[in-house]
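A look at the structure
Each chain is listed here by its residues.
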Amino acid sequence: MAHPLVTITNRSTFIMIRNKGKVRRGNAFNIQFLEDPMLNNSIHIGFTATKKLGTAVKRNKAKRIMRELARKVIANYGKINSYYVLIAKKPIFEIPFRSQEIELKELIS
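To start, this report covers the structure provided alongside it. (Residues numbered from 1 in each chain as written. Predicted model: local features only at pLDDT ≥ 70, side-chain atom pairs only at ≥ 80, totals over all residues. Heavy atoms only, no water.)

1. As for the packing of aromatic side chains
Counted according to the given criterion, the structure contains 1 aromatic pair. Between the aromatic rings of Phe 33 and Tyr 84, the centroid separation amounts to 5.1 Å while the plane-to-plane angle is 45°, which identifies the pairing as tilted. Residue Phe 33 is found in strand E3 (residues 29-35), and its partner Tyr 84 is found in strand E5 (residues 82-88); the two are separated by 51 residues along the sequence. (Phe/Tyr/Trp six-rings, centres within 6.5 Å; stacked < 30°, edge-to-face > 60°. Helix = DSSP H or I, 4+ residues; strand = E, 2+ residues; numbered from the N terminus.)

2. A closer look at the packing of helix H2 (residues 56-77) against helix H3 (residues 97-108)
With their axes 10 Å apart at the nearest point, H2 and H3 run at an angle of 45° to one another. By the angle between their directions, the pair H2 and H3 is classed as oblique. The two elements H2 and H3 cross, and the hand of that crossing is right-handed. On the side of H2, the interface is formed by Ile 65, Glu 68, Leu 69, Lys 72, Val 73, Ile 74 and Tyr 77, while H3 contributes Phe 97, Gln 100, Glu 101, Leu 104, Lys 105 and Ile 108. Considered class by class, the residues forming the contact of H2 with H3 number 8 nonpolar, 1 polar and 4 charged. (Axes fitted to C-alpha atoms, helices over the stretch in contact; angles between N-to-C directions. Parallel < 35°, antiparallel > 145°, perpendicular 65-115°, else oblique. Left-handed = near helix turned anticlockwise from the far one by under 90°. Contact = heavy atoms within 4.5 Å. Nonpolar A, V, L, I, M, F, W, Y, C, P; charged D, E, K, R; others polar.)

3. A short note on unusual backbone geometry
Phi at Asn 40 is positive, roughly 60°, even though this residue is not glycine. Among the secondary structure elements, Asn 40 is positioned in the loop between E3 and strand E4 (43-48). One non-glycine residue, Asn 41, adopts positive backbone phi at about 55°. If you trace the backbone, Asn 41 turns up in the loop between E3 and E4.

4. Some details on the environment of Phe 33
The class for Phe 33 is buried, based on a relative accessible area of 13%. Separated by 12 residues in sequence, Phe 33 and Ile 45 have C-alpha atoms that sit 9.4 Å apart. Discounting residues that sit within four places of it in the chain, Phe 33 has contacts with Gly 21, Lys 22, Lys 79, Ser 82, Tyr 83 and Tyr 84. (Buried < 20%, exposed > 50% of the residue type's maximum accessible area, 1.4 Å probe, protein only.)

5. Let's talk about the sheet that holds strand E2 (residues 22-25)
Strands sit in the order E1-E4-E5-E3-E2 across an open sheet of 5 strands; the sheet is mixed. Strand pairing shows two members of the sheet lacking a second neighbour, strand E1 (5-7) and E2, which therefore form its edges. Taken over all neighbouring pairs, the strand axes of this sheet differ in orientation by 25° on average, direction set aside. As paired strands, E3 and E5 are joined by 7 bridges and run antiparallel to one another. Along E5, the bridge assignment pairs Phe 29 with Ala 88. The strands touched by H2 are E1, E3, E4 and E5; relative to E4, the strand with the most contacts, the crossing angle is about 160°. Together, E2, E3 and E5 form the strand contacts of H3, whose direction differs from that of E3 by roughly 35°. (Pairing = 2+ DSSP bridges.)

As structure tokens, this is what we get:
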């Protein structure tokens, strides 16, 4: 069953997740994870694409890919009352989407 996804917008939340959460590294992206029982049965998700990826066009494409991954994988398999932050890496453009879905499923389990 899909759980509601809430987008993280505050920088302070990203920093809290970076400082207190766990990091798992993948080929196409890294994921930061933090459980918080105060989230009212929802999953909060954020996306980061730095200038190391390239131009704004590439960064936007990376975010679109990560949003779709979150909608398909994290909404169905993510833990309730958790924060997830997906951080894009350059290989995100070369690795097929299906492989990225499998990778994300392994990273969040």
